[in-house]
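Secondary and tertiary structure notes
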Amino acid sequence: MLLVLLALGVQAAGQPGRAAIASAHPAATVAGQETLARGGNAFDAAVAIAAALAVVEPYGSGLGGGGFFLLREAGERPTYRFLDARERAPLAAHPDLYRRDGEVQPALSLNGALAAAIPGLPAALVELAQRFGRLPLRDSLAPAIRLARDGVAIDRVYRERAGWRLAALRDDPESARIFLDEGEIPEELSLLRQPELARTLEHLARDGHDGFYAGDTAARLLSGVRAAGGIWSQRDLDDYRVVERQPLRVTLADERELISAPPPSAGGLALGQSLLLLQRLPWRQADAAQRSHFVVEALRRAYRDRGLLGDPDFVANPTAQLLAPAHLARLAASIDAERATPSSSLPPAGDWHEGDHTTHFTVLDAAGNAVAATLSINLPFGAAFTVPGTGVLLNDEMDDFAADVQGANAYGLAGSQANAIAAGKRPLSSMSPTFLESPHAFASFGTPGGSRIPSMVLLAILEYLDGQPIARWPAVPRYHHQFRPDVIEHEPGAFAPQQLAALAARGHRLKAVGRQYGNQQVLLWDKRDKRVEAASDPRGIGTAVTFP
Ligand code: DON
(Lines give C-alpha, C1' and ligand atoms only; values in the text may rest on other atoms or scores of the structure.)
Protein backbone atom coordinates (compact mmCIF):
# COMPACT_ATOMS: atom_id res chain seq x y z
CA MET A 1 0.00 0.00 0.00
CA LEU A 2 2.77 2.34 1.00
CA LEU A 3 4.59 1.48 -2.21
CA VAL A 4 1.53 2.25 -4.30
CA LEU A 5 1.09 5.60 -2.58
CA LEU A 6 4.73 6.41 -3.07
CA ALA A 7 4.50 5.51 -6.72
CA LEU A 8 1.42 7.68 -7.14
CA GLY A 9 3.15 10.49 -5.29
CA VAL A 10 6.18 10.32 -7.55
CA GLN A 11 4.02 10.23 -10.66
CA ALA A 12 1.85 13.12 -9.49
CA ALA A 13 4.89 15.28 -8.82
CA GLY A 14 5.79 15.07 -12.51
CA GLN A 15 2.33 15.98 -13.72
CA PRO A 16 0.41 19.23 -13.69
CA GLY A 17 -2.85 17.53 -12.65
CA ARG A 18 -4.77 20.23 -14.49
CA ALA A 19 -5.19 21.04 -18.15
CA ALA A 20 -4.95 24.39 -19.93
CA ILE A 21 -5.78 25.73 -23.38
CA ALA A 22 -5.26 29.11 -24.99
CA SER A 23 -6.39 29.66 -28.56
CA ALA A 24 -7.27 32.50 -30.89
CA HIS A 25 -11.00 31.68 -31.02
CA PRO A 26 -13.50 30.73 -28.26
CA ALA A 27 -15.03 27.93 -30.36
CA ALA A 28 -11.60 26.32 -30.83
CA THR A 29 -10.85 26.49 -27.11
CA VAL A 30 -14.20 24.78 -26.44
CA ALA A 31 -13.43 22.12 -29.09
CA GLY A 32 -10.19 21.32 -27.26
CA GLN A 33 -11.89 21.23 -23.89
CA GLU A 34 -14.60 18.92 -25.22
CA THR A 35 -11.96 16.57 -26.62
CA LEU A 36 -10.05 16.37 -23.34
CA ALA A 37 -13.32 15.76 -21.50
CA ARG A 38 -13.98 12.81 -23.83
CA GLY A 39 -10.75 11.18 -22.68
CA GLY A 40 -8.45 12.62 -25.32
CA ASN A 41 -4.93 13.72 -24.54
CA ALA A 42 -3.24 17.01 -25.52
CA PHE A 43 -2.55 15.64 -29.02
CA ASP A 44 -6.19 14.77 -29.65
CA ALA A 45 -7.10 18.22 -28.33
CA ALA A 46 -4.55 19.74 -30.70
CA VAL A 47 -6.28 18.02 -33.64
CA ALA A 48 -9.65 19.34 -32.48
CA ILE A 49 -8.37 22.89 -31.91
CA ALA A 50 -6.42 23.09 -35.18
CA ALA A 51 -9.37 21.77 -37.18
CA ALA A 52 -11.79 24.14 -35.43
CA LEU A 53 -9.51 27.12 -36.09
CA ALA A 54 -9.39 26.06 -39.74
CA VAL A 55 -13.17 26.48 -39.83
CA VAL A 56 -13.81 29.51 -37.63
CA GLU A 57 -10.78 31.57 -38.69
CA PRO A 58 -10.75 30.99 -42.47
CA TYR A 59 -8.60 34.11 -42.67
CA GLY A 60 -5.92 32.59 -40.45
CA SER A 61 -5.27 28.95 -41.19
CA GLY A 62 -7.00 26.02 -42.81
CA LEU A 63 -6.89 22.69 -44.62
CA GLY A 64 -5.43 24.63 -47.54
CA GLY A 65 -2.43 25.68 -45.43
CA GLY A 66 0.20 24.30 -43.11
CA GLY A 67 2.12 24.94 -39.95
CA PHE A 68 4.41 23.72 -37.23
CA PHE A 69 3.52 21.62 -34.18
CA LEU A 70 5.89 21.54 -31.22
CA LEU A 71 5.11 18.60 -28.93
CA ARG A 72 6.01 17.66 -25.38
CA GLU A 73 5.40 14.03 -24.51
CA ALA A 74 5.17 13.63 -20.77
CA GLY A 75 7.53 11.23 -19.07
CA GLU A 76 10.14 11.18 -16.39
CA ARG A 77 12.21 13.05 -18.93
CA PRO A 78 9.90 14.70 -21.42
CA THR A 79 10.38 14.01 -25.14
CA TYR A 80 10.15 17.00 -27.45
CA ARG A 81 9.20 16.61 -31.09
CA PHE A 82 8.67 19.01 -33.96
CA LEU A 83 6.21 18.19 -36.74
CA ASP A 84 6.93 20.21 -39.86
CA ALA A 85 3.64 20.45 -41.76
CA ARG A 86 4.86 23.38 -43.82
CA GLU A 87 3.53 23.65 -47.37
CA ARG A 88 5.87 22.51 -50.17
CA ALA A 89 6.42 24.17 -53.53
CA PRO A 90 4.80 22.16 -56.34
CA LEU A 91 7.23 20.03 -58.37
CA ALA A 92 6.66 22.26 -61.40
CA ALA A 93 7.90 25.34 -59.44
CA HIS A 94 11.20 27.00 -60.35
CA PRO A 95 13.14 30.15 -59.34
CA ASP A 96 11.53 32.31 -62.04
CA LEU A 97 7.97 31.16 -61.42
CA TYR A 98 6.74 34.69 -60.70
CA ARG A 99 8.77 36.55 -63.34
CA ARG A 100 7.04 37.98 -66.39
CA ASP A 101 9.19 39.77 -68.99
CA GLY A 102 12.09 39.57 -66.55
CA GLU A 103 10.23 41.29 -63.69
CA VAL A 104 8.92 39.56 -60.58
CA GLN A 105 5.17 40.20 -60.28
CA PRO A 106 4.37 40.27 -56.53
CA ALA A 107 0.64 39.75 -57.09
CA LEU A 108 1.27 36.32 -58.62
CA SER A 109 2.72 34.88 -55.39
CA LEU A 110 0.00 36.50 -53.27
CA ASN A 111 -3.36 35.97 -55.00
CA GLY A 112 -4.84 33.05 -56.89
CA ALA A 113 -4.03 29.40 -57.52
CA LEU A 114 -0.43 29.95 -58.64
CA ALA A 115 0.40 31.41 -55.19
CA ALA A 116 -0.50 28.19 -53.39
CA ALA A 117 1.97 25.60 -52.19
CA ILE A 118 0.93 22.02 -51.38
CA PRO A 119 -1.00 22.02 -48.06
CA GLY A 120 0.35 20.25 -44.97
CA LEU A 121 -2.31 20.70 -42.30
CA PRO A 122 -4.53 17.75 -43.33
CA ALA A 123 -1.52 15.38 -43.18
CA ALA A 124 -0.55 16.77 -39.77
CA LEU A 125 -4.02 16.22 -38.30
CA VAL A 126 -3.93 12.58 -39.39
CA GLU A 127 -0.40 12.03 -38.14
CA LEU A 128 -1.07 13.64 -34.76
CA ALA A 129 -4.16 11.50 -34.21
CA GLN A 130 -2.59 8.25 -35.41
CA ARG A 131 0.83 8.49 -33.81
CA PHE A 132 0.13 10.40 -30.63
CA GLY A 133 -3.61 10.56 -29.94
CA ARG A 134 -5.89 8.27 -27.97
CA LEU A 135 -9.14 8.97 -29.80
CA PRO A 136 -10.17 8.11 -33.37
CA LEU A 137 -9.60 11.00 -35.78
CA ARG A 138 -13.35 11.11 -36.36
CA ASP A 139 -13.96 12.07 -32.71
CA SER A 140 -11.34 14.82 -32.69
CA LEU A 141 -12.63 16.26 -35.96
CA ALA A 142 -16.28 16.18 -34.83
CA PRO A 143 -16.39 19.73 -33.37
CA ALA A 144 -14.87 21.21 -36.55
CA ILE A 145 -17.29 19.32 -38.78
CA ARG A 146 -20.18 20.62 -36.69
CA LEU A 147 -18.90 24.20 -36.84
CA ALA A 148 -18.50 24.03 -40.61
CA ARG A 149 -21.93 22.48 -41.16
CA ASP A 150 -24.00 24.48 -38.66
CA GLY A 151 -22.15 27.74 -39.07
CA VAL A 152 -20.30 30.18 -36.89
CA ALA A 153 -21.11 33.82 -36.13
CA ILE A 154 -19.09 36.43 -38.01
CA ASP A 155 -17.05 38.51 -35.54
CA ARG A 156 -15.13 41.77 -35.66
CA VAL A 157 -11.80 40.09 -36.48
CA TYR A 158 -13.32 38.30 -39.47
CA ARG A 159 -14.78 41.58 -40.72
CA GLU A 160 -11.48 43.42 -40.37
CA ARG A 161 -9.48 40.71 -42.20
CA ALA A 162 -12.10 40.41 -44.96
CA GLY A 163 -11.86 44.18 -45.37
CA TRP A 164 -8.10 43.94 -45.91
CA ARG A 165 -8.55 41.29 -48.61
CA LEU A 166 -11.86 42.44 -50.08
CA ALA A 167 -10.61 43.03 -53.62
CA ALA A 168 -8.90 39.64 -53.87
CA LEU A 169 -11.91 37.82 -52.37
CA ARG A 170 -14.23 39.54 -54.84
CA ASP A 171 -11.99 38.39 -57.71
CA ASP A 172 -12.60 34.71 -56.96
CA PRO A 173 -16.27 33.69 -57.40
CA GLU A 174 -16.06 30.70 -55.04
CA SER A 175 -14.37 32.72 -52.25
CA ALA A 176 -16.85 35.55 -52.72
CA ARG A 177 -19.78 33.13 -52.55
CA ILE A 178 -18.60 31.58 -49.29
CA PHE A 179 -16.82 34.39 -47.46
CA LEU A 180 -18.66 37.54 -48.62
CA ASP A 181 -22.29 38.54 -48.66
CA GLU A 182 -23.27 39.72 -52.15
CA GLY A 183 -19.70 40.94 -52.61
CA GLU A 184 -19.63 42.82 -49.30
CA ILE A 185 -18.17 42.08 -45.87
CA PRO A 186 -20.80 40.05 -44.00
CA GLU A 187 -22.57 41.71 -41.06
CA GLU A 188 -21.40 40.95 -37.54
CA LEU A 189 -23.29 37.96 -36.06
CA SER A 190 -24.45 36.73 -39.47
CA LEU A 191 -23.69 33.01 -39.95
CA LEU A 192 -20.73 31.67 -41.92
CA ARG A 193 -21.76 28.20 -43.13
CA GLN A 194 -19.25 25.98 -44.96
CA PRO A 195 -21.02 22.75 -46.00
CA GLU A 196 -18.40 21.88 -48.64
CA LEU A 197 -15.65 22.19 -46.04
CA ALA A 198 -17.68 19.99 -43.67
CA ARG A 199 -17.74 17.31 -46.39
CA THR A 200 -14.00 17.60 -47.00
CA LEU A 201 -13.40 17.22 -43.24
CA GLU A 202 -15.67 14.17 -43.23
CA HIS A 203 -13.58 12.59 -45.99
CA LEU A 204 -10.49 13.21 -43.88
CA ALA A 205 -12.20 11.69 -40.82
CA ARG A 206 -13.21 8.61 -42.82
CA ASP A 207 -10.16 7.96 -45.00
CA GLY A 208 -7.31 9.66 -43.13
CA HIS A 209 -4.45 10.95 -45.29
CA ASP A 210 -6.04 9.63 -48.49
CA GLY A 211 -9.24 11.49 -47.66
CA PHE A 212 -7.47 14.67 -48.74
CA TYR A 213 -4.44 13.74 -50.84
CA ALA A 214 -6.16 11.05 -52.97
CA GLY A 215 -9.61 10.20 -54.26
CA ASP A 216 -12.45 12.62 -54.73
CA THR A 217 -11.01 15.56 -52.75
CA ALA A 218 -7.65 15.33 -54.54
CA ALA A 219 -9.38 15.19 -57.94
CA ARG A 220 -11.33 18.35 -57.15
CA LEU A 221 -8.23 20.11 -55.80
CA LEU A 222 -6.23 19.32 -58.93
CA SER A 223 -8.87 20.26 -61.44
CA GLY A 224 -9.79 23.45 -59.54
CA VAL A 225 -6.19 24.61 -59.18
CA ARG A 226 -5.24 23.80 -62.77
CA ALA A 227 -8.34 25.45 -64.22
CA ALA A 228 -7.31 28.63 -62.37
CA GLY A 229 -3.75 28.69 -63.69
CA GLY A 230 -2.05 26.68 -60.92
CA ILE A 231 0.59 24.01 -61.46
CA TRP A 232 -0.25 21.25 -58.97
CA SER A 233 -0.05 17.58 -60.01
CA GLN A 234 -1.19 14.33 -58.40
CA ARG A 235 2.45 13.54 -57.69
CA ASP A 236 2.66 16.68 -55.53
CA LEU A 237 -0.23 15.38 -53.44
CA ASP A 238 1.14 11.80 -53.38
CA ASP A 239 4.54 13.03 -52.21
CA TYR A 240 3.38 15.30 -49.42
CA ARG A 241 4.54 14.13 -45.99
CA VAL A 242 4.81 15.73 -42.59
CA VAL A 243 8.50 15.73 -41.64
CA GLU A 244 9.50 15.13 -38.05
CA ARG A 245 12.55 17.21 -37.18
CA GLN A 246 14.64 17.70 -34.07
CA PRO A 247 13.37 20.81 -32.29
CA LEU A 248 15.92 23.58 -31.90
CA ARG A 249 17.23 23.37 -28.31
CA VAL A 250 19.27 26.06 -26.61
CA THR A 251 20.48 25.91 -23.01
CA LEU A 252 19.98 29.19 -21.21
CA ALA A 253 20.98 30.47 -17.78
CA ASP A 254 19.22 29.24 -14.61
CA GLU A 255 18.79 25.64 -15.85
CA ARG A 256 16.33 26.85 -18.47
CA GLU A 257 16.08 25.39 -21.92
CA LEU A 258 14.57 26.96 -25.02
CA ILE A 259 12.78 24.42 -27.21
CA SER A 260 11.60 25.95 -30.47
CA ALA A 261 11.18 25.71 -34.22
CA PRO A 262 14.20 24.61 -36.31
CA PRO A 263 14.54 25.42 -40.03
CA PRO A 264 12.52 25.70 -42.23
CA SER A 265 11.58 28.24 -39.58
CA ALA A 266 14.00 31.02 -38.88
CA GLY A 267 12.13 31.77 -35.67
CA GLY A 268 13.78 29.39 -33.19
CA LEU A 269 17.25 30.53 -34.21
CA ALA A 270 16.28 34.19 -33.96
CA LEU A 271 14.98 33.53 -30.44
CA GLY A 272 17.98 31.45 -29.41
CA GLN A 273 20.44 34.01 -30.70
CA SER A 274 18.55 36.94 -29.18
CA LEU A 275 18.25 35.30 -25.76
CA LEU A 276 21.92 34.24 -25.71
CA LEU A 277 22.94 37.75 -26.74
CA LEU A 278 20.75 39.35 -24.07
CA GLN A 279 22.31 37.07 -21.47
CA ARG A 280 25.57 38.83 -22.24
CA LEU A 281 24.00 42.26 -21.73
CA PRO A 282 22.64 43.95 -18.57
CA TRP A 283 19.06 44.19 -19.91
CA ARG A 284 17.39 43.23 -16.64
CA GLN A 285 18.82 46.16 -14.65
CA ALA A 286 18.36 48.66 -17.49
CA ASP A 287 15.68 51.35 -17.61
CA ALA A 288 12.93 50.95 -20.22
CA ALA A 289 14.67 52.80 -23.07
CA GLN A 290 18.02 51.09 -22.45
CA ARG A 291 16.32 47.71 -22.30
CA SER A 292 14.55 48.18 -25.62
CA HIS A 293 17.82 49.39 -27.15
CA PHE A 294 19.49 46.09 -26.13
CA VAL A 295 16.53 44.05 -27.39
CA VAL A 296 16.55 45.85 -30.74
CA GLU A 297 20.30 45.40 -31.19
CA ALA A 298 19.96 41.69 -30.44
CA LEU A 299 17.06 41.34 -32.91
CA ARG A 300 18.92 43.31 -35.58
CA ARG A 301 21.77 40.80 -35.50
CA ALA A 302 19.59 37.71 -35.27
CA TYR A 303 17.41 38.79 -38.22
CA ARG A 304 20.51 39.54 -40.30
CA ASP A 305 21.57 35.91 -39.98
CA ARG A 306 18.15 34.82 -41.27
CA GLY A 307 19.49 35.36 -44.78
CA LEU A 308 21.53 32.16 -44.44
CA LEU A 309 18.58 29.90 -43.73
CA GLY A 310 16.33 27.73 -45.86
CA ASP A 311 14.60 24.36 -46.08
CA PRO A 312 17.00 21.85 -44.43
CA ASP A 313 16.12 19.32 -47.12
CA PHE A 314 17.73 21.67 -49.66
CA VAL A 315 20.36 23.81 -47.93
CA ALA A 316 22.91 23.25 -45.19
CA ASN A 317 21.78 25.55 -42.38
CA PRO A 318 24.67 26.83 -40.24
CA THR A 319 22.68 26.28 -37.03
CA ALA A 320 25.67 25.33 -34.88
CA GLN A 321 27.76 28.28 -36.09
CA LEU A 322 24.93 30.73 -35.43
CA LEU A 323 24.63 29.56 -31.82
CA ALA A 324 28.37 29.13 -31.19
CA PRO A 325 29.75 31.14 -28.25
CA ALA A 326 32.46 32.66 -30.46
CA HIS A 327 29.89 33.99 -32.96
CA LEU A 328 27.68 35.34 -30.16
CA ALA A 329 30.65 36.90 -28.38
CA ARG A 330 31.54 38.75 -31.60
CA LEU A 331 27.96 39.88 -32.08
CA ALA A 332 27.68 41.01 -28.44
CA ALA A 333 30.95 42.91 -28.70
CA SER A 334 29.59 44.80 -31.72
CA ILE A 335 26.67 46.16 -29.63
CA ASP A 336 27.20 49.71 -28.39
CA ALA A 337 25.13 50.38 -25.27
CA GLU A 338 24.75 54.02 -26.25
CA ARG A 339 24.33 53.98 -30.03
CA ALA A 340 22.23 52.14 -32.62
CA THR A 341 24.41 50.11 -34.99
CA PRO A 342 23.31 51.00 -38.53
CA SER A 343 22.31 47.71 -40.19
CA SER A 344 24.33 48.78 -43.23
CA SER A 345 27.51 48.86 -41.13
CA LEU A 346 27.23 45.24 -39.97
CA PRO A 347 29.22 42.73 -42.00
CA PRO A 348 27.05 40.48 -44.15
CA ALA A 349 25.62 37.34 -42.58
CA GLY A 350 27.89 34.33 -42.81
CA ASP A 351 31.02 36.41 -42.66
CA TRP A 352 32.25 34.23 -39.82
CA HIS A 353 35.73 35.57 -39.78
CA GLU A 354 34.65 39.19 -39.86
CA GLY A 355 33.79 38.91 -36.71
CA ASP A 356 -2.55 39.23 -39.31
CA HIS A 357 -2.85 35.91 -40.96
CA THR A 358 -1.95 32.75 -39.31
CA THR A 359 -2.97 31.55 -35.87
CA HIS A 360 -1.56 29.96 -32.77
CA PHE A 361 -2.78 27.78 -29.92
CA THR A 362 -1.33 25.88 -27.01
CA VAL A 363 -2.66 23.01 -24.91
CA LEU A 364 -1.41 21.13 -21.86
CA ASP A 365 -3.15 18.03 -20.49
CA ALA A 366 -3.25 16.92 -16.86
CA ALA A 367 -0.51 14.35 -17.50
CA GLY A 368 1.92 16.95 -18.86
CA ASN A 369 1.63 16.32 -22.61
CA ALA A 370 1.64 19.63 -24.43
CA VAL A 371 1.44 21.18 -27.90
CA ALA A 372 2.25 24.64 -29.22
CA ALA A 373 1.22 25.10 -32.83
CA THR A 374 1.42 27.99 -35.26
CA LEU A 375 -0.70 27.41 -38.37
CA SER A 376 -0.94 29.56 -41.45
CA ILE A 377 -2.24 30.20 -44.92
CA ASN A 378 0.06 33.28 -45.01
CA LEU A 379 -1.81 36.52 -45.82
CA PRO A 380 -5.34 36.97 -44.43
CA PHE A 381 -7.58 34.59 -46.42
CA GLY A 382 -4.41 33.14 -47.99
CA ALA A 383 -4.43 33.32 -51.78
CA ALA A 384 -8.14 34.28 -51.66
CA PHE A 385 -8.76 31.28 -53.90
CA THR A 386 -11.18 28.55 -52.83
CA VAL A 387 -11.16 25.28 -54.75
CA PRO A 388 -14.70 24.81 -56.08
CA GLY A 389 -16.64 22.04 -54.38
CA THR A 390 -14.17 21.53 -51.51
CA GLY A 391 -14.55 24.61 -49.30
CA VAL A 392 -10.73 24.62 -49.14
CA LEU A 393 -9.29 28.13 -49.22
CA LEU A 394 -5.69 27.88 -50.44
CA ASN A 395 -2.57 29.41 -48.95
CA ASP A 396 -0.25 31.94 -50.58
CA GLU A 397 2.78 30.59 -48.76
CA MET A 398 4.82 30.69 -52.01
CA ASP A 399 5.35 34.39 -51.17
CA ASP A 400 7.48 33.33 -48.18
CA PHE A 401 10.12 32.26 -50.71
CA ALA A 402 12.46 34.80 -52.24
CA ALA A 403 10.66 35.16 -55.59
CA ASP A 404 13.40 37.71 -56.21
CA VAL A 405 16.67 36.92 -54.45
CA GLN A 406 17.59 40.63 -54.59
CA GLY A 407 14.17 41.83 -53.46
CA ALA A 408 11.87 41.47 -50.45
CA ASN A 409 8.62 39.63 -49.77
CA ALA A 410 5.26 40.84 -48.40
CA TYR A 411 6.80 41.20 -44.93
CA GLY A 412 9.73 43.24 -46.23
CA LEU A 413 12.04 40.32 -45.47
CA ALA A 414 15.11 40.43 -47.67
CA GLY A 415 15.48 37.67 -50.27
CA SER A 416 18.34 35.16 -50.18
CA GLN A 417 19.69 32.35 -52.30
CA ALA A 418 19.07 29.85 -49.47
CA ASN A 419 15.37 30.66 -49.73
CA ALA A 420 15.04 30.73 -53.53
CA ILE A 421 12.11 28.82 -55.04
CA ALA A 422 12.73 25.19 -55.99
CA ALA A 423 10.53 22.21 -56.81
CA GLY A 424 9.34 20.45 -53.64
CA LYS A 425 11.06 22.95 -51.32
CA ARG A 426 9.53 24.45 -48.18
CA PRO A 427 9.57 28.26 -47.94
CA LEU A 428 11.43 29.77 -44.99
CA SER A 429 9.05 30.71 -42.19
CA SER A 430 9.05 32.94 -39.12
CA MET A 431 6.55 30.79 -37.21
CA SER A 432 7.98 29.97 -33.79
CA PRO A 433 5.99 27.70 -31.48
CA THR A 434 8.22 27.72 -28.40
CA PHE A 435 8.60 26.09 -24.99
CA LEU A 436 10.79 27.20 -22.13
CA GLU A 437 11.37 24.46 -19.58
CA SER A 438 13.38 24.17 -16.38
CA PRO A 439 13.17 21.75 -13.45
CA HIS A 440 10.76 24.27 -11.90
CA ALA A 441 8.48 25.38 -14.71
CA PHE A 442 7.18 24.73 -18.18
CA ALA A 443 5.96 27.63 -20.33
CA SER A 444 4.61 27.77 -23.87
CA PHE A 445 4.64 30.72 -26.31
CA GLY A 446 3.64 31.59 -29.88
CA THR A 447 1.77 34.00 -32.12
CA PRO A 448 0.95 34.85 -35.72
CA GLY A 449 2.39 38.00 -37.28
CA GLY A 450 4.71 37.20 -40.19
CA SER A 451 8.23 38.54 -39.79
CA ARG A 452 7.34 40.02 -36.39
CA ILE A 453 6.65 36.59 -34.83
CA PRO A 454 10.13 36.05 -33.31
CA SER A 455 10.30 39.55 -31.82
CA MET A 456 6.83 39.12 -30.30
CA VAL A 457 7.74 35.76 -28.78
CA LEU A 458 10.99 37.24 -27.47
CA LEU A 459 9.18 40.12 -25.74
CA ALA A 460 6.76 37.66 -24.10
CA ILE A 461 9.64 35.46 -22.93
CA LEU A 462 11.40 38.49 -21.42
CA GLU A 463 8.25 39.30 -19.41
CA TYR A 464 8.29 35.72 -18.15
CA LEU A 465 12.01 35.82 -17.28
CA ASP A 466 11.36 39.11 -15.53
CA GLY A 467 8.80 37.45 -13.22
CA GLN A 468 5.76 39.26 -14.62
CA PRO A 469 2.27 37.67 -14.22
CA ILE A 470 1.13 35.55 -17.17
CA ALA A 471 -1.56 38.03 -18.29
CA ARG A 472 1.25 40.49 -19.03
CA TRP A 473 3.22 38.17 -21.39
CA PRO A 474 0.87 38.46 -24.38
CA ALA A 475 -0.34 41.92 -23.39
CA VAL A 476 3.00 43.72 -23.26
CA PRO A 477 3.14 46.48 -25.91
CA ARG A 478 5.30 45.46 -28.86
CA TYR A 479 8.21 46.78 -30.87
CA HIS A 480 10.20 45.15 -33.62
CA HIS A 481 13.41 45.31 -35.64
CA GLN A 482 14.25 42.94 -38.50
CA PHE A 483 17.67 44.21 -39.64
CA ARG A 484 16.23 45.58 -42.87
CA PRO A 485 14.50 47.98 -43.11
CA ASP A 486 16.72 49.58 -40.44
CA VAL A 487 13.91 50.92 -38.30
CA ILE A 488 12.18 50.13 -35.00
CA GLU A 489 8.48 49.58 -35.61
CA HIS A 490 6.31 50.08 -32.53
CA GLU A 491 2.72 49.62 -31.46
CA PRO A 492 0.72 52.48 -29.99
CA GLY A 493 1.77 52.75 -26.36
CA ALA A 494 4.97 50.71 -26.69
CA PHE A 495 7.18 53.66 -25.79
CA ALA A 496 6.53 56.64 -23.51
CA PRO A 497 7.54 59.99 -25.07
CA GLN A 498 10.81 60.14 -23.10
CA GLN A 499 11.65 56.57 -24.22
CA LEU A 500 11.07 57.54 -27.84
CA ALA A 501 13.40 60.49 -27.33
CA ALA A 502 16.02 58.32 -25.62
CA LEU A 503 15.96 55.78 -28.49
CA ALA A 504 16.15 58.50 -31.14
CA ALA A 505 19.10 60.03 -29.25
CA ARG A 506 20.88 56.68 -29.56
CA GLY A 507 20.51 56.89 -33.32
CA HIS A 508 17.47 54.66 -33.88
CA ARG A 509 14.93 55.42 -36.56
CA LEU A 510 11.41 54.88 -35.24
CA LYS A 511 8.20 54.13 -37.05
CA ALA A 512 4.79 53.97 -35.39
CA VAL A 513 2.82 51.01 -36.79
CA GLY A 514 -0.41 52.81 -35.97
CA ARG A 515 -2.23 49.66 -34.88
CA GLN A 516 -1.75 46.68 -32.62
CA TYR A 517 -0.47 43.42 -34.09
CA GLY A 518 -0.09 39.76 -33.14
CA ASN A 519 -2.22 37.32 -31.18
CA GLN A 520 -0.09 35.46 -28.64
CA GLN A 521 -1.33 32.39 -26.73
CA VAL A 522 0.64 31.29 -23.66
CA LEU A 523 0.52 28.87 -20.76
CA LEU A 524 2.51 28.15 -17.62
CA TRP A 525 2.86 25.08 -15.43
CA ASP A 526 4.70 26.03 -12.28
CA LYS A 527 5.97 22.67 -11.03
CA ARG A 528 6.85 23.93 -7.55
CA ASP A 529 3.43 25.09 -6.48
CA LYS A 530 1.59 22.95 -9.08
CA ARG A 531 -0.02 26.02 -10.59
CA VAL A 532 -1.39 25.91 -14.16
CA GLU A 533 -2.26 29.19 -15.90
CA ALA A 534 -3.01 30.30 -19.45
CA ALA A 535 -3.56 33.62 -21.18
CA SER A 536 -4.82 34.76 -24.55
CA ASP A 537 -3.70 37.98 -26.22
CA PRO A 538 -6.06 40.85 -25.25
CA ARG A 539 -5.72 42.16 -28.84
CA GLY A 540 -7.71 39.21 -30.18
CA ILE A 541 -10.98 37.43 -29.43
CA GLY A 542 -9.36 34.23 -28.17
CA THR A 543 -9.91 32.54 -24.82
CA ALA A 544 -7.76 30.76 -22.26
CA VAL A 545 -9.05 28.17 -19.80
CA THR A 546 -7.65 25.90 -17.11
CA PHE A 547 -9.58 22.95 -15.77
CA PRO A 548 -10.85 21.03 -13.90
O1 DON B 1 5.45 31.35 -42.19
C2 DON B 1 5.49 32.57 -42.06
O3 DON B 1 6.44 33.15 -41.57
C4 DON B 1 4.31 33.39 -42.52
N5 DON B 1 3.63 32.74 -43.61
C6 DON B 1 3.39 33.65 -41.37
C7 DON B 1 2.26 34.58 -41.75
C8 DON B 1 1.66 35.28 -40.62
O9 DON B 1 2.00 35.09 -39.47
C10 DON B 1 0.63 36.30 -40.95
N11 DON B 1 0.09 36.82 -39.73
N12 DON B 1 -0.19 37.80 -39.34
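Residues numbered from 1 in each chain as written. Predicted model: local features only at pLDDT ≥ 70, side-chain atom pairs only at ≥ 80, totals over all residues. Heavy atoms only, no water.

1. Quick look at the confidence of the model for the protein
- Put simply, the protein has an average pLDDT of 95, and 96% of its residues get 70 or more.
- Counted against residues more than four places away or in other chains, residues 1–12, with its pLDDT under 50, gives 1 contact. (pLDDT = per-residue confidence, 0-100. Contact = heavy atoms within 4.5 Å.)

2. Describing helix α4 (residues 121–132)
- The end-to-end C-alpha distance of α4 is 16 Å, a good match for the 16 Å that 12 residues give at a rise of 1.5 Å each.
- By the criterion of burial, α4 is predominantly enclosed, with 10 of the 12 residues buried.
- Considered for burial, the residues of α4 that qualify are L121, P122, A123, A124, L125, V126, E127, L128, A129 and F132. (Helix = DSSP H or I, 4+ residues; strand = E, 2+ residues; numbered from the N terminus. Expected span 1.5 Å × (residues − 1). Buried < 20%, exposed > 50% of the residue type's maximum accessible area, 1.4 Å probe, protein only.)

3. Details of the environment of R149
- Positionally, R149 belongs in helix α5 (residues 137–150).
- Distance from R149 to Q194, taken between C-alpha atoms, is 5.8 Å for residues 45 residues apart in sequence.
- When sequence neighbours within four positions are dropped, the list of residues in contact with R149 reads R193, A198 and E202.
- Only 3.4 Å separates the side chain of R149 from the side chain of D150, close enough to count as a polar contact. (Polar contact = N/O pair within 3.5 Å; in protein donor to acceptor, adjacent residues only side chain to side chain.)

4. Brief notes about the packing of aromatic side chains
- As enumerated under the stated definition, the model contains 14 aromatic pairs in all.
- Where F68 meets F82, the ring centres are 5.1 Å apart and the plane angle is 40°; that geometry is what we call tilted. Of this pair, F68 sits in strand β2 (residues 66–73) while F82 is found in strand β3 (residues 79–85), placing the two residues 14 residues apart along the sequence. Considered together, F68 and F82 belong to a single accessibility category, that of buried residues.
- Taking 4.9 Å as the distance between ring centres and 55° as the angle between the ring planes, the aromatic pair formed by Y464 and W473 counts as tilted.
- Members of the aromatic cluster, joined through ring pairs, are Y59, Y158, F179 and F381.
- Seen from the ring of Y517, R452 lies directly overhead, with NZ or CZ sitting 4.2 Å from the centre. (Phe/Tyr/Trp six-rings, centres within 6.5 Å; stacked < 30°, edge-to-face > 60°. Lys NZ or Arg CZ within 6 Å of the ring centre and 35° of its normal.)

5. Some details on the environment of L276
- When you line up the elements, L276 lands in helix α13 (residues 267–279).
- The sequence separation of L276 and D287 amounts to 11 residues, and the corresponding C-alpha distance is 20 Å.
- The residues touching L276, leaving out its near neighbours within four places in the chain, are V250, T251, L252, L323 and L328.

6. Description of the pattern of salt bridges
- Under the defined criterion, the tally for this structure stands at 41 salt bridges.
- Across the pair E127 and R131 runs a salt bridge, and its minimum N-O distance is 2.9 Å. You can see E127 and its partner R131 sitting in helix α4, 4 residues apart, about one turn around the helix.
- Given a relative accessible area of 43%, R131 falls into the partly exposed group.
- With its nearest N and O atoms 3.1 Å apart, the salt bridge here joins E533 to R531.
- The class of E533 is partly exposed, set by a relative accessible area of 25%.
- It is possible to trace a salt-bridge network through shared partners that takes in E73, R81, E127, R131 and E244. (Salt bridge = Lys/Arg side-chain N within 4 Å of Asp/Glu carboxyl O.)

7. Some points on the pairing of strand β11 (residues 359–364)
- Burial runs high along β11: 6 of the 6 residues are buried.
- Burial along β11 is two-sided: T359, F361 and V363 facing one way and H360, T362 and L364 facing the other are all buried.
- When strand β1 (residues 19–23) meets β11, the two strands line up antiparallel, connected through 4 bridges. Its bridge partner being in β11, S23 is matched across the sheet by F361.
- Direction of pairing for β11 relative to strand β12 (residues 370–376): antiparallel, over a ladder of 6 bridges. Note on β12: the bridge partner recorded for V363 is V371.
- Here β11 folds back onto β12, and the loop between the two strands holds 5 residues, one of which, G368, carries a positive phi near 100°. (Pairing = 2+ DSSP bridges.)

8. Comments concerning the environment of Q499
- Summarising the element assignment, Q499 is placed in helix α19 (residues 497–505).
- In this structure, the C-alpha to C-alpha distance between Q499 and D529, residues 30 residues apart in sequence, is 37 Å.
- In this structure Q499 touches A288, A289, S292 and A494, once residues within four positions along its chain are discounted.

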